[in-house]
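A structural walkthrough
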Amino acid sequence: MTLSRRGFLAATAALAAIPAARAAGTVNVYSYRQPALIDPLFAAFTAKTGIEVRTIFAEDGLVERLVQEGRNSPADVLLTADVGRLVEAASRDAAQPIDSPVILDKIPANLRDPANLWFGLTMRARVVYASTARVAQQAISYEELADPKWRGKICIRPGNHPYNLGLIAAMIAHKGEDVARDWLKGLKANLAFKPSGNDRAQAKSVYAGECDLAIANTYYMGLMLTNEKEPEQKEWAKSLRIVFPASPDFGTHVNISGMLMAKNAPNRGNALKLMEFLASDEAQRLYAGGNFEYPVNPAVPPAEIVRSWGAFTPDTLNVAEIAKLEPAAARLVDEVQFND
Ligand SMILES: [Fe+2]
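Rules and cut-offs
- Residues numbered from 1 in each chain as written.
- Predicted model: local features only at pLDDT ≥ 70, side-chain atom pairs only at ≥ 80, totals over all residues.
- Heavy atoms only, no water.
- Disulfide = S-S within 2.5 Å.
- Helix = DSSP H or I, 4+ residues; strand = E, 2+ residues; numbered from the N terminus.
- Buried < 20%, exposed > 50% of the residue type's maximum accessible area, 1.4 Å probe, protein only.
- Pairing = 2+ DSSP bridges.
- Right-handed = clockwise from strand over helix to strand, strands pointing away.
- Donors = N, O, S within 2.8 Å, 3.2 Å for Na, K, Ca; no water.
- Core = buried A, V, L, I, M, F, W, Y, C linked by side-chain atoms within 4.5 Å.
- pLDDT = per-residue confidence, 0-100.
- Contact = heavy atoms within 4.5 Å.

Summed over all chains, the structure comprises one disulfide. Disulfide partner of Cys 155: Cys 211, at an S-S distance of 2.0 Å. Taken together, the positions of Cys 155 in strand E6 (residues 154–155) and Cys 211 in the loop between helix H8 (199–207) and strand E7 (213–217) put the pair 56 residues apart, joining distant regions of the chain. One exposure class covers both Cys 155 and Cys 211, and it is buried.

For strand E2 (residues 52–57), a buried count of five out of six residues is recorded, marking the element as mostly surrounded by other parts of the structure. Across six bridges, the pairing between strand E1 (residues 26–31) and E2 is parallel. By the bridge assignment, Ser 31 is partnered in E2 with Phe 57. In this fold, the crossover linking E1 to E2 by way of helix H2 (residues 35–49) has right-handed handedness.

It is worth spelling out the coordination of the iron ion at this point. Ideal geometry at a metal centre gives angles of 109.5 degrees when four donors are arranged tetrahedrally and 90 or 180 degrees when six donors are arranged octahedrally. Looking at the iron ion, one finds its protein donor set to be Tyr 163 (OH), Tyr 219 (OH) and Tyr 220 (OH), positioned 1.9 to 2.0 Å from the metal centre. Each donor residue of the iron ion belongs to the same chain, with the gaps between them written as Y-x55-Y-Y. With a gap of 57 residues between them, Tyr 163 in helix H6 (residues 162–175) and Tyr 220 in helix H9 (residues 219–225) connect regions that are remote in the sequence. You'll find Tyr 163 and Tyr 220 in the same group, each marked buried.

What follows concerns the nonpolar core. Judged by nonpolar contacts, the single largest core of 80 residues is most densely connected at Leu 78, Leu 79, Trp 118, Tyr 129 and Met 259. Of all hydrophobic cores here, the second largest spans 33 residues; its members include Ala 169, Trp 183, Leu 191 and Leu 213.

Turning our eyes to something else, we now look at the confidence of the model for the protein chain. Residues of the protein chain with pLDDT of at least 70 account for 93%, and the chain-wide mean is 93. This model gives residues 1–22 a pLDDT under 50, and the stretch forms 32 contacts once residues within four places in sequence are excluded.

With that out of the way, let us pick up unusual backbone geometry. Generally, phi is negative for residues other than glycine and the peptide bonds are trans, each holding for most cases. One non-glycine residue, Asn 116, lies in the positive phi region at around 60°. Along the chain, the position of Asn 116 falls in the loop between helix H5 (101–106) and strand E5 (119–131). We note that Gln 337 has phi near 50°; this positive angle belongs to a residue other than glycine. Here Gln 337 shows up in the segment after helix H15 (326–335). The partly exposed category is assigned to Gln 337, whose relative accessible area is 45%.

Printed below as a string of structure tokens:
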């Protein structure tokens, strides 16, 4: 047993009692996604295959850990909450290509790495939450968010958050850096107050009358509407409707959560089985439904609440092309002093 293997077991022991290893063996997952979201998926996988899934969850640092562990890494599969960490892992040589037709057939080409080093699993749109009481306009483009008619009416989390970097990077990808810079300046000029808080905090601000339009990811609407622990969030959500901003040039910006196989996966066969399962209709329904996201597998319809928000036309540019421009987006955020 190597040192890192012992470290892995010590870390997982804290999570839950690990059942005795089954004959079918194990697969080790490093996950940026919350246990509550992925545990039901892994339970279904284990019930089907007998393969035990061991998970380490962390909000930060898992790519770094994979890279540092190198050949001694126990990790087989990495699950992320955004495309940026997938691209980072691939660019740091921590992933290996997968050519499974089961996966390639289920996941559209623009939602996976062109060299098959990583794959999207769920998709979410970055949209406008409009006040039902104060906003009559039905359609709003991203471009229009910079129009002076919204002066003092918009709220958004800090510009350097990955969700906003993705949106700004999409603007750069489709319209060039100069247009994106002017757009960002115009958006900043329209903010009701300095960017702060998370996406749900912006929804609360619309509810409280502090702004009329918030920019946020679709799934938070579902999470707020069904929040039994903090039922006041249901009230925030009911004061809003989702508007899918469609740029005339690129449709609605989407980001993905995703997966990759670690370069040094010790349980490669089981890792492939898990990845094929995650792309399957059954797992896609569970995974996307659990967080009110859109399945990447086009054969699987979204959950009912998600369908109730209406249809939209997602950007078809490969998410990798957008992720590549996130550093440029971060520079623009600094340049226009978006957060100040
Ligand atoms: Fe999120």
